Amino acid sequence: MSAAETRSGSTEEKSDKWLDAYRDPVASLYTFTQCITLADIQADGDWKLIIADLGTGMFNMKLKVYKGTNLMSENTIIDLPTGVVTFYMDLNEPRTPAIAVASGPYIYIYKNLRPYFKFTLPQIEVNAVEEDLWNQMKESSLNVYVLREMLEGMRADGTPLTVRSLRFLQLQDGADMVAFAEMYKNTPLKKQTVITCLGTMKKSMAEEDAISCLIIGTESKCIYVLDPEAFTVLATMPLPIVPVFLSVTGMFDVEYRIVASCRNGCIYTLKRGTTDTEKSFIELNSQPVGLERIGKTIYVGCMDETLQCFTSKGKKLWTVQVPASITTIEVLDYKTKGFKAVLVALSNCEVHLYKEKYLVDIIKTDSVVTGMRFGRFGREEGALIMTTRGGGLIIKILKRNVVFEERDLTGGPPAAQNVKLNIPKKTKLFVDQTMRERENAVAMHRTFQRDLYLLRLRAAREYAKALDKSMNPISSDPTEPLKLAAQVQGIGPVFKMTVNLQNTSLSQASVNLLITFDFDDKLYNFKKTYIPVPMLVPGLNYAFETFIECLSDKGVSDNVKVYVLKEGKNIPIITGVISMPVSETLVVV
Amino acid sequence: MGLFDGLARWLGIKKKEANVLVVGLDNSGKTTIINHFKSEEYKNHDIVPTIGFQVEKFKTKSLSFTAFDMSGQGRYRDLWQAYYRECHGVIFVIDSSDKLRIVVAKDELDALLKHPEVQRKRIPILFFANKMDLRDAVSSVKCSQLMELENIRDKAWHICASNAITGDGLDEGIQWLTDQLKDVLVKK
Ligand SMILES: Nc1nc2c(ncn2[C@@H]2O[C@H](COP(=O)(O)OP(=O)(O)O)[C@@H](O)[C@H]2O)c(=O)[nH]1
Ligand SMILES: [Mg+2]
């Protein structure tokens, strides 16, 4: 047990769950999860890896197709890709799916690894003022600086501008501005949106190779459903904000559900026939970095280092804290074993596997994983493709007989909690007692109630008596508000008693008071048994002292009472009871 | 072994019989290899993926083989071990062009070697680094390195690059296996 543990702990590579099929730390692949997919694009049972490589972000953007570990095809992409999917667009045999690459306002379709079609998203209406400005520019009635100022103003007002205007505003140099305006002023002003996310949805059949529609999320806060055969827009669904991640299930002609997480940190659900998308359905407390769905549960990785899980109705099921920030998430769906879990790539070079909220596996990598895809690759069912921040490519294969302990690797109740305690059998006494209690429950309850009432009555009586005799150290007489505190000092046989008196009223002085004591005169001898009290000014503390001598050397002690009396009244105003300490016997030397 | 069998063998009338287990991942070329050794009339011209397993018989000059052609598909690989007890030798076929899955083949080989029925036996293992004709194929040396064959110490083993379609390399491998099996069967 411990040996196995140390082995798996020390060598990060030797996992008992994954085989290391391939690792190229310098594959120079710069991509992310949405741009990686796996498909049998040649219908030969050998699934290919399809990656839209972002290159440097300006140059070298390519659509790469890998057969096993070999690059089999490369196609240049003109603009930054934002998503790659494969889908069946016809019923032709052999059943080869097409590849769709989203880039700018276009969808590029590839069939048999060759460019096949380019679809352009519908144009958006250009702002009238902006159009007018450029028209004036065309007629040369406008100065570039004026144009700049006007456009600047529009941008400040939050008017969405065309790409041309935005590019123009970036120019600093006057000559550049003139050149730019000269170059473009004669071409009509167009406004195009940019695709932010891409998905697929079966059209009317559920089969694995049924024809699918493309689902496109755009910067213009819309989701489009595209017909795969005619390339027409089947449906346009407006959203309150720009969608960034999509999760699509169902069939367009039957029933479907599109879950979109958006830039405002909210998740919206679109169903067949929904019109009101405004009603936010899940509001996250942090921006999402990945959205996945397993069955009816929605998993969201958030920027606050949490993985959150929701029902399809938007009810939060749980949140787990992960040890580092999440870079991307992906579903692990191992069909042969019916095992589904969520892979969470973290910025600490680890990929955590969560089965529901339980961490069941950790994969360590040598660089931060930024893109992941799990699925069939080559002829292998459980392949995990990972691309790293440094441009590396890692491929792992799930072992055939893998078992994931469906319990948390960390935390959770300790094993000892499940060990049964050796509880002794019930004794006869216990059983008898239980029987008796069961049979006489009413009588017992009554007895208890009666005793309780008696106790309360007694307490009340004592309290009344104490009030009556003023046997408490705070006066209950409203005309003489006094507080008494007495203490005894010394070790004997002579003690000093200090009686502190305080007039607790706000304004009224106390007069004609005196202090006297009640004690056993066989035991104690008081130096003063009667202390006249001067007028007590409100709020001040007065101390009166007397010495007490203990007459016994038997080590006994008794209570002593302090009374504060008012002249002409036979009931003390207050009484203090002091229990005297035992006197030390005189040491005769 | 019956008296008559022994007599017949002594007289050289009957060939020795050997059971060999043919294993390897799906699509590595196992069925194609066995097909190569079958006589013309039994040859299969249309090879489809094997389901479960198939039993085939073929003869070489000095041995008659009963080959258990096992399916290499993941869900059937657990069947292999059921035949470890009966087999005298193993043919392990590797698709040398499927670099991605060499680790999977190695994992299955490790499991085979660790199996108690295999461990307690002295069986020869013949590896075919098949599909050597393909452009992506790795050499048999590289293949044996990736499979870490040098770590097999208590079994006789041999690796041949092969092309099951043309038959290149197959006879060399079977010759080695025949020599090994004759040893084993004689000592029995
Ligand atoms: N190019 C080439 N193809 C081969 C070779 N051996 C087998 N194949 C092909 O590989 C595929 C799978 O072969 P098969 O014998 O069914 O593999 P099995 O699953 O291991 O039984 C078939 O299409 C064969 O034609 C070979 O040496 N070279
Ligand atoms: Mg076969």
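Residues numbered from 1 in each chain as written. Chains lettered and ligands numbered in written order. Predicted model: local features only at pLDDT ≥ 70, side-chain atom pairs only at ≥ 80, totals over all residues. Heavy atoms only, no water.

Asker: Mind showing me how you'd approach the nonpolar core here?
Answerer: In summary, soluble globular proteins display a tendency toward joint burial of nonpolar side chains. Counting 45 residues, the largest nonpolar core has Leu49 of chain A together with Leu21, Phe92 and Phe127 of chain B as its most contacted members. Broken down by element, this core gets its largest block of residues, six residues, from helix α3 (residues 102-114) of chain B. Counting contributing residues, this core receives three or more from each of domain 1 (1-30 + 323-399) and domain 2 (32-122 + 192-278) of chain A. Ignoring any residue separated from it by four or fewer positions in sequence, one finds Phe92 of chain B in contact with Val23, Gly24, Ala105, Leu109, Ile125, Leu126, Phe127, Phe128 and Met147 of chain B. (Core = buried A, V, L, I, M, F, W, Y, C linked by side-chain atoms within 4.5 Å. Buried < 20%, exposed > 50% of the residue type's maximum accessible area, 1.4 Å probe, protein only. Helix = DSSP H or I, 4+ residues; strand = E, 2+ residues; numbered from the N terminus. Domains from an automatic or database assignment. Contact = heavy atoms within 4.5 Å.)

Asker: Can you help me understand the packing of aromatic side chains in this one?
Answerer: Within a pair of aromatic rings, the relevant descriptors are the distance that separates the centres and the angle that separates the planes. Residues and elements named next belong to chain A. Evaluated as defined, the whole model comprises 20 aromatic pairs over all chains. Geometrically, the ring pair formed by Phe339 and Phe404 is stacked, given 4.7 Å between the ring centres and 15° between the ring planes. On the criterion of sequence distance, the pair formed by Phe339 in strand β23 (residues 339-346) and Phe404 in the loop between β28 (393-398) and α6 (428-439) is long-range, its members being 65 residues apart. Given a relative accessible area of 8%, Phe339 falls into the buried group. An aromatic cluster of three or more residues is present, and its members are Trp134, Phe168, Phe180 and Tyr184. Taking the ring centre of Tyr106 as reference, the NZ or CZ of Lys118 above it sits at 4.1 Å. Stacked on the ring of Trp134, the Lys or Arg Arg164 has its end atom at 4.9 Å from the ring centre. (Phe/Tyr/Trp six-rings, centres within 6.5 Å; stacked < 30°, edge-to-face > 60°. Lys NZ or Arg CZ within 6 Å of the ring centre and 35° of its normal.)

Asker: Quick question: what am I supposed to make of the domain arrangement of chain A here?
Answerer: Note: interface size is frequently given as the accessible area lost on complex formation between the parts. Domain parsing of chain A yields domain 1 (1-30 + 323-399), domain 2 (32-122 + 192-278), domain 3 (128-184) and domain 4 (482-579). Taking only C-alpha atoms into account, the centre of domain 2 of chain A sits 96 Å from that of domain 4 of chain A.

Asker: How do you make sense of the site of ligand 1 when you look at a structure like this?
Answerer: Residue and element names in this part refer to chain B. Not every one of the 17 residues close to ligand 1 is listed here, only the nearest: Asn27, Lys30, Thr31, Thr32 and Asp133. Between ligand 1 and the protein, one listed contact pairs an oxygen atom with a side-chain N or O atom of Thr32 at 2.5 Å. A distance of 2.8 Å is found between a nitrogen atom of ligand 1 and a side-chain nitrogen or oxygen belonging to Asp133. Calculation on ligand 1 without its partners gives an accessible area of 580 Å², and the protein chains cover 80% of this total. (Near = heavy atom within 4 Å. Polar contact = N/O pair within 3.5 Å; in protein donor to acceptor, adjacent residues only side chain to side chain. Areas by Shrake-Rupley, 256 points an atom, 1.4 Å probe, with all protein chains shown as cover.)

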